[in-house]
Amino acid sequence: MATLETPEIETKDKSDLDSVWSVIVHNDPVNLMSYVTLVFRRVLGFSREKAERHMLEVHNKGRSIVWSGSREQAELYVQQLHAHLLLATLEKAPPP
Amino acid sequence: MTTIKLLPDGSARFDHVGDDLYQILCAIREPVESGNPLVESRMFPQPSEDSGEDDLLDDWKSLVEPELHDAFLAARESVAADLRGAQWNADGSRHFIIPRSHMDNWLSALNQARLALAEIHQFTDEDLSRSPGDLEDPTEFALMRMSLYGSIQEWIVAITS
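Residues numbered from 1 in each chain as written. Chains lettered and ligands numbered in written order. Predicted model: local features only at pLDDT ≥ 70, side-chain atom pairs only at ≥ 80, totals over all residues.

### A closer look at the interface of chain A and chain B
- In this assembly, 16 residues from chain A lie in contact with 20 residues from chain B.
- Every element with two or more residues in the side of chain A that touches chain B is listed here: α2 (33–44), α4 (71–83) and β3 (88–92) of chain A.
- With 5 residues, the single largest contributor to the side of chain A that touches chain B is α4 of chain A.
- Across the side of chain A that touches chain B, the residue classes tally to 10 nonpolar, 4 polar and 2 charged. (Contact = placed C-beta atoms within 7 Å. Helix = DSSP H or I, 4+ residues; strand = E, 2+ residues; numbered from the N terminus. Nonpolar A, V, L, I, M, F, W, Y, C, P; charged D, E, K, R; others polar.)

Okay, here's the thing in structure tokens:
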């Protein structure tokens, strides 16, 4: 009788799944401020005011945390921001 | 003088486009497709700065980057098709339409071109805030192109916001 091999399933580390992840947008001198604001509104669903606040934070401080939550969703947001040519990364948020 | 008019259906009509401007618009894809490794790095940035994220970086390279590559290329091809559809005016200038459904493609292609030009010419913050000089100089000409593409981008952002 044939035996089934136990499949190797790659899973993310449990601590990664439990952690809070942040999406960071980094400053870029080329992307227009109005364009960055538009992308924040479209991708992250921000109001115009919130989008402008984060855009200015990126511009003045070099980076802004635009979203925090599950790793899976953070990866999706980073992908969408890259699709709009923004410099975005995800990083594990420090424990509270 | 070139005019841009927003039509009732949300499309945009560029009229009285002289040959110089037309050629500059047709060149949108050239810096992106130059094969310059700096451009490649800027178009496809890493999703994490953490050196311990090798799996994520590998997945990104094999799964996400090809998707982004195709999306960027599709946007550039959409722009090229709109420009190929340009018609001659009696005065030797051209006119063409950007359909409403192509606005995002133009935004993307213009942004791709600006980012690529900045990488190729290594423009600094200072460069980006000054006016271009002698346009016979390829670097100054690139700076002018960035400014022109940026103006069209601003206009599209304004009408789509």
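### Section: the sheet that holds strand β1 (residues 3–6) of chain B
Residue and element names in this part refer to chain B.
- Strand order in the open sheet formed by 4 strands is β1-β2-β4-β3, and the pairing between neighbours is antiparallel. The sheet terminates laterally at β1 and β3 (87–88), the two strands that pair on one side only.
- In this sheet, strand β2 (residues 12–17) lies alongside β1 in antiparallel orientation, the contact comprising 4 bridges. For Ile-4, the partnering residue across the bridge sits in β2 and is Phe-14. (Pairing = 2+ DSSP bridges.)

### Quick notes on α2 of chain A
- For α2 of chain A, with 12 residues, the first-to-last C-alpha span of 16 Å sits near the 16 Å given by 1.5 Å per residue.
- Among the residues of α2 of chain A, Tyr-35, Val-36, Thr-37, Leu-38, Val-39, Phe-40 and Val-43 of chain A are the ones counted as buried. (Expected span 1.5 Å × (residues − 1). Buried ≥ 20, exposed ≤ 12 C-beta atoms within 10 Å, placed from the backbone.)

Don't take any of this as a statement about function, it's just geometry.
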